[in-house]
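Descriptive structure summary
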Amino acid sequence: MLGMLLLASIQAWAQQSVSGRVTTESGESLPGVNVVLKGTGNGTITDSDGKYQLNANQGTLVFSFIGYRPLEVAIDNRSVVDATMIEDVTTLEQVVVVGYGTQQKKDITGAVGVVGEEAFESRSNTQFGTLIQGKTAGVQVISPSGKPSAGFSMRIRGTSSISASSEPLYVVDGIPSADTRSINPSDIESITVLKDASSAAIYGAQGANGVVLITTKRGKTGAPRVELTAYTGFSSPWRKLKVLNSEQYRDLMTEFGQTTDWSQYTANTDWQNEIFQNGRSQNYQLAISGKNERTSYYVSGGWMQQIGAVRSSEMDRYNFRVSLDQQMNDWLKVGTNLSVTKYHDVDVADNTTVNSGGVILGMLSTPPNIGIYRPDGTFTSNPFQDWENPVAATDGSDRDYNNTRLLGNVYAEIAFLKNFTFRSNLGLDYQAGMYDYFLDPFRTSYGRAKLGIGINNTDLRNYYIIDNTVTYNRATETSSFSALVGTVVQKTRWENNNIEKNGFSSDGIPTTNAGSIIVSAGNNKSEKSNASFISRVTYDYNDRYLLTANFRVDGSSSFGPNNRWGYFPSVSLGWRISEEDFFSGVGVVDDLKLRAGWGLVGNDIGTYAFLGRVGTGANYPIGGVIQPGTYPASIQNNDLKWETTEQTNIGIDVALLSSRIEFSADAYIKNTSDLLLNVPLPRSTGFDTGVQNVGKLQNRGIELQLTSHNVTNDDFSWDTDFNISFNRNKVVDILGQQVIGGGVAGRGDVSYSVEGKPLGLFYGYITGGVDPATGDIYYIDRNGESTFNPATEDRTFIGNPNPDFIYGMTNTLAYKNFSLNIFLQGSQGNDVFNATRIETEGMTDAKNQSQVVVNRWRTPGDITDIPRAVAGSTNNSRISTRFVEDGSYLRAKAVTLGYSLPSALISKIKLNQAKFYVTGENLFTITGYKGYDPEVNAFGGNNTVMGVDFGTYPQTRSLIFGVNVTF
Amino acid sequence: MKRKFINTLAVLAVAFTLPSCEDYLDLKPISDATSENAYTRAADAEAALVGAYDSFSQEYYIWDNVLFNDVISDNYYAGGDNAEIFAIEDLNISPTNGRLFNNWSQLYNAISKANMVLEKVPGITDIKLDAGNRRNQILGEASFLRAFHYYQLVKTWGGVPLIVKPVASTDPAETQLERNTETEVYNQIVADLEFAVANLPDTYGGDASVNKARATKGAANAMLAKVWAQRGDRDYNKVLEYANAVITSPAAYSLLPDFDDLFDGAHYNNAESIMEIQFVGGPEANFGPQLLLPPSISGDTWRKFVTPSHDLVNAFDAEGDIERKNTTILFENAPWADEFWSESVNGSVPFAYKWKSANGWASTNRQYLIRLADIILLKAEALNALNRPAEARDALNLVRNRAGLANTTASSSAELKTAILNERRLELAQEAQRWDDLRRNNVAVDVMNNLVEVNVITDQPKDYVMTAQKQLLPIPQSERNRNLKLGQNEGYN
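Let me begin by describing the structure that accompanies this report. (Residues numbered from 1 in each chain as written. Chains lettered and ligands numbered in written order. Predicted model: local features only at pLDDT ≥ 70, side-chain atom pairs only at ≥ 80, totals over all residues.)

**Here we look at the overall build of chain A**
How we decide: Each helix corresponds to a stretch of at least 4 residues labelled H or I by DSSP, and each strand to a stretch of at least 2 residues labelled E; elements are numbered beginning at the N terminus. Here the radius of gyration uses the C-alpha set of atoms, whereas the globule reference equals 2.2 Å times the residue count to the power 0.38. Once C-beta atoms are placed from the backbone, each residue is buried if 20 or more other C-beta atoms lie within 10 Å of its own, exposed if 12 or fewer, and partly exposed for counts between those two.
Helix and strand counts for chain A stand at 10 helices and 55 strands. Against the globule reference of 30 Å for 967 residues, chain A gives a C-alpha radius of gyration of 31 Å, in line with a compact fold. If you line up chain A on its principal axes, its C-alpha atoms span 105 × 65 × 65 Å. The burial tally for chain A puts 50% of its 967 residues in the buried class.

Right, here's the structure in full:
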């Protein structure tokens, strides 16, 4: 951009002028095309009608425009030279947003993945994470739950931390952003994923987990454009599980020796029918944008709503956005992005048992024998325990979360001296959240005991970033050089308030003012700040030899005075072999580039992490009055410092057959050291954990990405994108300790991370089988012998939740006005620990069970794999191989059939484009997994607990019908 | 000109953002104190001490001590829906039982708070601490608390790591400690209690709600009596000495005339109470009663976690002990079946009834930490052991007569020993004493193995497999994972 301005200002040297019009193949005028007299700085840009004028009468004109093949036309003394530009299928010239700048794809030396807006078209407008899942290699998107209110979690090239976050840094138009739920995918122009250290190093201490750069839409050259998109749709779970019917449940209870007056329990309720519902969604977005010589604008607004497939779950979002860029004069440019989002959801409790109000497990373990309500309007319970039916958990309480967010920035860019640009940017992210909970004093037993519960929590997050950079760009015939230096300061302040009251007289007033007893009330505040110095140099010689080097210095308030500053260098090199003279003979290869990079990036943790904090609230009544009390909350560690990830990457990019086929491969090795490890301390210290810089983790892997334009006829085209990623994760050193987590079903912890093995392996007993004589499960002990009472030492590694590889494939077919997009996505070789089955096949108490327990052992001699029912004993349902299942899956993530009205028709009604489509998401899933859905984790984005299903809200199948209209 | 100005501005902006960074990054917590500023005044010392007392409102002291003394023994069955609690009743407690780890963690956390007081308070310069000997009182209170918690640890697990200073480093060499011997732990407890006796007042004035909340000389003497009785190398002379010190204390402890008054919720901080947990409701409330009380009181229809045993009910009936039985147990028709009491729903089931008000999980009912009747019966036990049966009978009869029972008929030393043990059972049921009593009298194995409890649904007697090794509980597996030097008690793996 700057270069263009400078070029334009250079004085004309020729007397005569040449003019003309640049059009596309279909004859539409093409504005914004660069027109340069070859070998000179003499150039211009086409106007909104595609016209240009240049002082020249000899030589060759070079026309270039992003997305089109460069075109050279000799002037030959003509005064009018029209040009027709051909759309370029190669993406080499594509401009890619990188940290603090842009680069052409051909110049990139790091490992960078790009997802364009086409990935979001015709998809549910929910969260961008689910939309880019499977779209680019090396990026694993974890959707731990299918509920509308669930966020997503992302791992770029594996999990590189244990106690600190492994989430990448999300940057929206230059502003780091923690919350991804309220970002509106329809406003996104492109997403760049910086995967290796050399590309992420400009983000230094925030870059260890990779960086996701989100660029929102801006006005494009041409007439003002109005775009309207709308859809409506339905969703439902794609599978139901079979449970015992009334009679079978009664049999099981009788076998336990449980008797009751069964005549009271004659209902026949299908709890899955009561809880699962037909989810509905709708989305309406309107965007107006445009650009002229000096101004570009983009204004959008919209609303989307998703009613979940589980009773009472929902979310909705209002969004407004303005982007404005103004070229004030030849040296000053200013602009702003501003978005306001209002987000609302109603969560449902999953990942927990019916005892604790878990809806999914409640649905499975509540016997069909009871109805929903008692005659007095209260919720029914299990005949033997006061476990209320799952409708009590969905309908019994109000649970509303509202969040209003303002995310925006203002910037100014000043061109000064020759080739220098100064840019100053101020970004803000302001979020105000409020959670309201009300449990009425009548319908649930907990509500009755507490006389109602009202909770109101507010949370405020106030973040700002100020960055100032100076850029120097210089290009000659054979080389180009750029340098960037700058400073960044960032600060976040959190403020929370909470109040909880009991003692409500009615269900009429849900707010806390109606309660009579304050259970808790308080607020707290905390802050965190970072200051950084950044620098980068890029150099390219003859388009053949490319160099990028970064150096960033970071300081954080989380770390002690001894180690407050971290230093993060990186360097990467590229060699475009295809530009070498000796390569010119190889006709089929258009582009061949080798890349290699190395760098250090860092990771931060928490707030005040190094301080020995003394907490408050350990209050105790003395003399009948509650006295304030304090307690030691953490151990001081002045040496605490950054967790450092060193990553080496090599890659190759190839384009063949006029870029009909493009192929990239990357191999990397990522070593994380000085892990910020929340080391579990012996509780005899009085503390649970202490943060230390100990330990090492390693991730290494290979990523392949292939794009092929199989057929490119006028009427019919077929493109294929395929990517596959292999990542191997290993705990190298954690001081010989074990990181244990994933406590499920009262059977202890299932996930163990130990040295020399991948993170989060499943750890438990080996089930041998069911003893025909006693009906009890026998386990295989450490000596290979069978035992009914294995010791804790008999446990071993019984499963691995890390996939061997993940992959995605998109096929796009277009025939005349029809288009079909089939997006397959999958994961192979990962195990799931199906702890739901411990609850539904454990047969230890009065919970209803899965249909498979009909085959349980009943009399000596029975040969079966389901043990006998023993009330109160967990010996037959320990954490063991019995519940480990293959979680591999291949699913049709999205299939879209679209139809665009013919242009002849729509131009009559003054439309540019009108497209109707129907999209099915998760239409089918091929998996051997027995639970609701293999894409699951009861522990969300946890670093060390993965692939555990414990009554988790499943991914659903959905169908949406939509229309996109542009005029 | 204008451009030059802007150029200069730009360079300055970049150049001057960095130097102020150190200050920018030096953030102090807003809602927490730090170890540097939290202990500088007398009020800070008091707050740290209150924090140490607050450990009495943790789950261990609310009801886990009942589970591991009354439910594990012949007094109560487990109920509710928690497999880990059923395992306690079944004497089938595995090292992975989560309650063990919680208890261990809570007790050691309580000790760490007391250690912090003992470490920091001597260094605080504030004249308020030196007025009225307050500094030494605070140290005495903290020593008492540390001893109280170590006593729970040592009688549950035997020897445990003895930590008497705040842990200031996460270095495994300093955090992973071997277990001290049982005797070493008891010696530390005795030393702390003796320090407490020397430094604590009999009372803090006339306000019972202070005197029964804080550690006093009486409470420290009472703990010394209990500790000297419970430790393996017991010394009944010392038990007698310290029990007498309590009984004759200037604090004027006395048995309440009416046993029921102890538990009716209208006589908190009474004359018999030596120390009790000071629940006042609201944020400092007792959730324990809701777990035990019957539907008519709790409003719940779910099965409660602690159910009186036939053996306990029979023990009351055998003594004709109506008053204490009615205070301790309430029969009510329950909307669930109970394998020991009620073959089908809506049969009559007994409920643990010493806490009487649930108040929506927020009761003001108090657990006694120490009360006089316990000490009087300990005195009887000591006198009998010291071969002074007449005086022992006198002490025993004090407690019996208060409950409306006639004097004891036990005459021989052995009979008297059994009578005192039984008296303690009836007097102190649901007060977390029974398992300690059985083990101290070396009858835990026999009592449990001879216990006959019949499942009325299956008509099968329950098989309690008690062994000498089960008298100590297993070291929590989770703690062993964190501290590789711990080892395990015999009989567990």
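Having seen it, we continue.
**Observations concerning the sheet that holds strand β5 (residues 60–64) of chain A**
Strands pair in a sheet through their backbones, by hydrogen bonds, and they do so in one of two ways: parallel or antiparallel. Residues and elements named next belong to chain A. Applicable threshold: Think of it this way: DSSP has to see at least two bridges between two strands before they count as a pair. Here an axis means a line fitted to C-alpha atoms, over the contact stretch when the element is a helix, while the angle between two N-to-C directions is reported on a 0 to 180 degree scale.
Pairing is antiparallel in the open sheet, where 4 strands are placed in the order β3-β2-β5-β6. The two strands at the open ends of the sheet, each matched to only one other strand, are β3 (43–45) and β6 (71–74). On average, each strand axis in the sheet is inclined to that of its neighbour by 20 degrees, with strand direction left out of account. Bridge count for strand β2 (residues 34–37) against β5 is 4 bridges, and the pairing is antiparallel. Following the sheet pairing, Val35 is matched in β5 by Phe63.

**Some thoughts on the interface of chain B and chain A**
The cut-off we apply is this: What counts as a contact here is a pair of residues whose C-beta atoms, placed from the backbone, lie within 7 Å. For this classification, the nonpolar set comprises Ala, Val, Leu, Ile, Met, Phe, Trp, Tyr, Cys and Pro, the charged set comprises Asp, Glu, Lys and Arg, and every other residue, Gly included, is treated as polar.
With 85 residues of chain B in contact, the opposing surface of chain A contributes 90 residues. At 8 residues, helix α6 (residues 98–120) of chain B tops the list of elements feeding residues into the side of chain B that touches chain A. Grouping the constituent residues of the side of chain B that touches chain A by class yields 41 nonpolar, 29 polar and 15 charged. Across 2 bridges, the pairing between strand β30 (residues 613–616) of chain A and strand β1 (residues 33–34) of chain B is antiparallel. Bridging from a neighbouring strand, A:Arg613 pairs with B:Thr34 of β1(B).

**Some points on the sheet that holds strand β45 (residues 786–787) of chain A**
Ordered in space as β43-β44-β45 (chain A), the 3 strands form an open sheet in which the pairing is antiparallel. The open sheet has two free edges, formed respectively by β43 (766–770) and β45 of chain A, since each of these has just one partner strand.

**Observations concerning the packing of helix α10 (residues 182–199) of chain B against helix α12 (residues 217–230) of chain B**
Residues and elements named next belong to chain B. Just so we agree on the cut-off: Here the word oblique covers every angle except those under 35 degrees (roughly parallel), over 145 (roughly antiparallel) and from 65 to 115 (roughly perpendicular). Each helix crossing is assigned a hand: it is left-handed if the near helix lies turned anticlockwise from the far helix by less than a right angle, otherwise right-handed if that turn is clockwise.
Interaxial distance between α10 and α12 falls to 8 Å at its minimum, and their mutual angle equals 155 degrees. On the basis of their axis angle, the class for α10 and α12 is roughly antiparallel. α12 is crossed by α10, and the crossing has left-handed handedness. In this structure, α10 uses Tyr186, Ile189, Val190, Leu193, Ala196 and Val197 to contact α12, whose residues at the interface are Lys217, Ala220, Asn221, Met223, Leu224 and Val227. Taken together, the residues of the contact of α10 with α12 sort by class into 10 nonpolar, 1 polar and 1 charged.

**A closer look at helix α19 (residues 389–402) of chain B**
Residues and elements named next belong to chain B. Let me state the cut-off plainly: One less than the number of residues in a helix, times 1.5 Å, gives the span that helix is expected to have.
The first and last C-alpha atoms of α19 sit 20 Å apart over 14 residues, in line with the 20 Å expected at 1.5 Å per residue. The set of residues buried in α19 consists of Ala392, Arg393, Ala395, Leu396, Val399, Arg400 and Arg402. Its buried side turned inward, α19 meets α18 (372–385) and α20 (413–428). Gly404 lies just past α19 and shows a positive phi near 85 degrees.

**Topic: the packing of helix α16 (residues 310–319) of chain B against α20(B)**
Residues and elements named next belong to chain B. It is at 10 Å that the axes of α16 and α20 come closest, and there the two elements cross at 110 degrees. Judged by the inter-axis angle, α16 sits roughly perpendicular to α20. For the pair α16 and α20, the crossing hand works out as left-handed. Together, Ala315, Phe316 and Glu319 of α16 and Asn422, Arg425 and Leu426 of α20 make up the contact between the two elements.

Just geometry here; none of it tells us what the structure is for.
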